[in-house]
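# Examination of the molecular architecture
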There are 2 protein chains.
Amino acid sequence: MDVMARIELALESAIKGTEVSGTPPRLAEAMRYSVFPGGHRLRPRLCVAVARACGDDAPELTDAAAASIELLHCASLVHDDLPCFDDASIRRSKPSVHKAFGEPLAVLAGDGLIVLAFDLLARAAAQRPDRLIPLMGVVSRSVGVPSGIIAGQAWECEPEADLSEYHRAKTGALFAGATMAGAAAAGADPTPWRFLGERLGEAYQVADDLRDVAADPEEIGKPVGRDAALGRSSAVRELGIAGSLKRLDELAESAIDSIPACPGQAELQALIRMESRRFLPKDLARAAA
Amino acid sequence: MDVMARIELALESAIKGTEVSGTPPRLAEAMRYSVFPGGHRLRPRLCVAVARACGDDAPELTDAAAASIELLHCASLVHDDLPCFDDASIRRSKPSVHKAFGEPLAVLAGDGLIVLAFDLLARAAAQRPDRLIPLMGVVSRSVGVPSGIIAGQAWECEPEADLSEYHRAKTGALFAGATMAGAAAAGADPTPWRFLGERLGEAYQVADDLRDVAADPEEIGKPVGRDAALGRSSAVRELGIAGSLKRLDELAESAIDSIPACPGQAELQALIRMESRRFLPKDLARAAA
């Protein structure tokens, strides 16, 4: 099955499991709204790609790992959009969850998605119980403290933030979680896969900074120019557009070079090379091609 | 070791694990503040008591289970106190987390505690990997959707709430999680332990309603009279004080009668009988003795 279809199916099945008698209907609706329709599903696709490169011998566990990474990503978007953080009213071209359902349900939908992510892993691990401990370790470290996305967001609440820690945790951690979870789901040692995820996370951050200055808001589904408006650090402010495009290439190449030896190494290298320009704004991608 | 000391030690070790280099310092501080000093630690004590009754042959896993239940309880208090829910400024006789640290850190501290709870289970399960799946299933069902405490809180956001579902999820679910997790940690089937937790949760709710009308605010560390002020349903409003005390006795007795056959059945029955009046306000407890 096509990777995207696999992921949508795994997410649909996870969310469907919450839409049962006994669930408060608006909570169920807010959780579905947080997850569908999705964005590019970058992180879960990366998770499945790594699992495939490692043999993918427990596909149900791979699907659960990929879906759990995406559920945690969606949860972080819902909470990050809250009025007390970014106060974002638009996300993925529609009203953000707290705009559509109110703040209480946005807090609870995020909480519910976090729990669902772990529940999903435990259920799917019936197929390979021996893989649950490493898989959970990887997933929880990519979201929790000290260095997951929750910690990354919390750097914004510090009087003095270590910017490299901030970026690594805020964007890199869930990408590293995705590559490592893919490996763990397929029974491989996750550790050598961390660097690939971290580098791709950094590349994604640079691409995101480029989109923030150069994209059409309709194309990316949220307002542009937010970094400058919020006085945030940005690769483009530091390196300029040309410098940022060069940095993006370097990051993608070092990511590709880091891919550990595995049955599907060559295919994975080709895939990442192909996709590394895909998330640039269309104009820039054409210019850089 | 004394049960209370065991629990405090397990919680201290869990929180200590987040206070490492790389954690945003204020987030670490907010997480510790959410957990210490604690309340009566009712749920984790119940968890350990059930595990002991079932033999407690993997004490590290029992401690992790008990601590994870308490971390999830603390997370729910932090989020429930937020301005968009109860807007509570006092909790456990000190400013609530969002009053002390601001709303963003309160949201993130709650998120971080949820993730930490699952991380803790996975780490401790190295001792008995075969028990992780049932344990996680029990714990995630007690907090997630359709019927955990997150769902319970979400009933407050529905135009029409099923009050019995609401109470079962809001208070009963984590008590049921505590008894079932204690059994699962000790390698027993958790299912027969659900009823005990649910009944004790209901009893706790009745006791809480009694405290809300009859306690000294200093004694319970939060304002009294909130139920009436917020127009909430309450056992006391329905049954009066004498009726509520009678209901409390019936619930405790049916809880005690439900304790499954296990090595420590008699001790557990005695313990629960002894404790069932302990959380009444002092004056009522004296009157009812």
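In what follows, the structure referred to is the one given above.
Residues numbered from 1 in each chain as written. Chains lettered and ligands numbered in written order. Predicted model: local features only at pLDDT ≥ 70, side-chain atom pairs only at ≥ 80, totals over all residues. Heavy atoms only, no water.

### With respect to the overall build of chain A
Counting its regular elements, chain A contains 15 helices and 2 strands. A compact globule built from 289 residues would reach a C-alpha radius of gyration of about 19 Å, and chain A, at 18 Å, matches this within 12%. Referenced to the eigenvectors of the C-alpha coordinate spread, the extents of chain A come out at roughly 50 × 50 × 35 Å. Relative to its 289 residues, chain A shows a buried fraction of 57%. For chain A, the proportion of contacts with a sequence separation of at least 24, taken over those separated by at least 6, is 69%. (Helix = DSSP H or I, 4+ residues; strand = E, 2+ residues; numbered from the N terminus. Rg over C-alpha atoms; globule rule 2.2 N^0.38 Å. Buried < 20%, exposed > 50% of the residue type's maximum accessible area, 1.4 Å probe, protein only. Contact = heavy atoms within 4.5 Å.)

### Topic: the nonpolar core
Within the largest apolar cluster, 169 residues are counted, with the highest numbers of intra-cluster contacts made by Leu71 and Trp193 of chain A together with Leu71 and Trp193 of chain B. Apart from the residues within four sequence positions on either side, Leu71 of chain A is in contact with Leu11, Ala14, Ile15, Val35, Leu113, Leu116, Ala117 and Leu120 of chain A. (Core = buried A, V, L, I, M, F, W, Y, C linked by side-chain atoms within 4.5 Å.)

### Overview of the interface of chain A and chain B
Listed by partner, the interface residues are 48 residues for chain A and 48 residues for chain B. Across the chain A/chain B interface, buried area totals approximately 4,100 Å², and carbon plus sulfur atoms make up 78% of it. A per-residue breakdown of the area chain A buries against chain B is headed by Val115, Ile133 and Val145 of chain A, which together make up 14% of the total. Where chain A meets chain B, there are 0 salt bridges. Our count for the chain A to chain B interface comes out at 6 residue pairs in polar contact (both at pLDDT 80 or more). Among the elements of the structure, helix H2 (25-35), helix H6 (103-124), helix H7 (132-143) and helix H8 (149-154) of chain A are those that each provide at least two residues to the side of chain A that touches chain B. Among the elements that make up the side of chain A that touches chain B, the one with the highest residue count is H6 of chain A (13 residues). Taken together, the residues of the side of chain A that touches chain B break down into 31 nonpolar, 9 polar and 8 charged. (Buried area = accessible area lost by both parts, 1.4 Å probe. Salt bridge = Lys/Arg side-chain N within 4 Å of Asp/Glu carboxyl O. Polar contact = N/O pair within 3.5 Å; in protein donor to acceptor, adjacent residues only side chain to side chain. Nonpolar A, V, L, I, M, F, W, Y, C, P; charged D, E, K, R; others polar.)

### With respect to the packing of aromatic side chains
By convention here, two paired aromatic rings are described through the distance between centres and the angle between planes. Applying the stated criterion across every chain, the model contains 5 aromatic pairs over all chains. Between Phe118 of chain A and Phe118 of chain B the ring centres are 4.9 Å apart and the planes differ by 10 degrees, which places this aromatic pair in the stacked class. Note that Phe118 of chain A is positioned in helix H6 and Phe118 of chain B in helix H6 (residues 103-124), a pairing that runs across two chains. Comparing Phe118 of chain A with Phe118 of chain B, the two get one shared label, buried. Seen from the ring of Tyr33 of chain A, Lys94 of chain A lies directly overhead, with NZ or CZ sitting 3.7 Å from the centre. The positively charged end of Arg43 of chain B is found above the aromatic ring belonging to Tyr204 of chain B, 5.3 Å away from the centroid. (Phe/Tyr/Trp six-rings, centres within 6.5 Å; stacked < 30°, edge-to-face > 60°. Lys NZ or Arg CZ within 6 Å of the ring centre and 35° of its normal.)

### Looking at the relation of the copies chain A and chain B
Note on the copies: chain A fits chain B at an RMSD of 0.0 Å, the axial shift is 0.0 Å, and the rotation between them is 180 degrees. Such values leave the two copies arranged in the relation of a two-fold axis. A symmetric contact is evident, with 100% of the interface residues of chain A recurring at the interface of chain B. (Least-squares fit on C-alpha atoms with pLDDT ≥ 70 in both.)

### Some points on the side chain of His98 of chain A
Residue and element names in this part refer to chain A. With respect to the helices and strands, His98 occurs in helix H5 (residues 97-101). Within the structure, His98 has its side chain in polar contact with the backbone oxygen of Asp81 (distance 2.8 Å). With near-sequence residues (within four places) excluded, His98 lies in contact with Asp81, Leu82, Pro83, Asp87, Ala88, Glu103 and Ala106.

### Focus on unusual backbone geometry
In this chain, Phe36 of chain A is followed by Pro37 of chain A through a cis amide linkage whose omega measures -15 degrees. Structurally, Pro37 of chain A is set in the loop between H2 and helix H3 (42-53). The phi torsion at Asp56 of chain A lies on the positive side, around 45 degrees, for a residue other than glycine. Here Asp56 of chain A lies in the loop between H3 and helix H4 (59-80). For Arg41 of chain B, which is not a glycine, the phi torsion comes out positive at approximately 55 degrees. Within the fold, Arg41 of chain B resides in the loop between helix H2 (25-35) and helix H3 (42-53).

### Brief notes about the pattern of salt bridges
Opposite charge on two side chains allows them to pair when their charged atoms are near. All names here are of chain B. Tallied over the full model, the rule gives 40 salt bridges over all chains. Between Arg91 and Asp81 there is a salt bridge, and its shortest N-O distance comes to 2.9 Å. One end of the pair, Arg91, is in strand S1 (residues 90-91); the other, Asp81, is in the loop between helix H4 (59-80) and S1, and 10 residues separate them in sequence. Residue classification places Arg91 among the partly exposed residues on the basis of a relative accessible area of 22%. Of the charged contacts, one joins Glu250 and Arg247 as a salt bridge, the two residues approaching to 3.5 Å between their closest N and O atoms. With Glu250 and Arg247 both in helix H13 (residues 235-257) and 3 residues apart, the pair spans about one turn of that helix.

### Digging into the environment of Gln127 of chain A
Residue and element names in this part refer to chain A. Tracing the backbone shows Gln127 in the loop between H6 and H7. With 39 residues separating them along the chain, Gln127 and Ala88 place their C-alpha atoms 40 Å apart. Residues within four places of Gln127 in sequence aside, it is in contact with Ala58, Pro59, Glu60 and Leu61.

### Observations concerning H3 of chain B
Residue and element names in this part refer to chain B. A rise of 1.5 Å per residue sets the reference length of H3, with its 12 residues, at 16 Å; its end C-alpha atoms lie 16 Å apart and thus fit the reference within 8%. For H3, the buried fraction is high: 11 of the 12 residues fall into the buried class. Along H3, the positions that sit buried rather than exposed are Leu42, Arg43, Pro44, Arg45, Leu46, Cys47, Val48, Ala49, Val50, Ala51 and Ala53. Where H3 is buried, its residues touch helix H1 (3-16), H4, helix H9 (163-185), helix H10 (194-214) and helix H14 (265-275). In the segment just after H3, Gly55 is the residue with positive phi, at about 110 degrees. (Expected span 1.5 Å × (residues − 1).)

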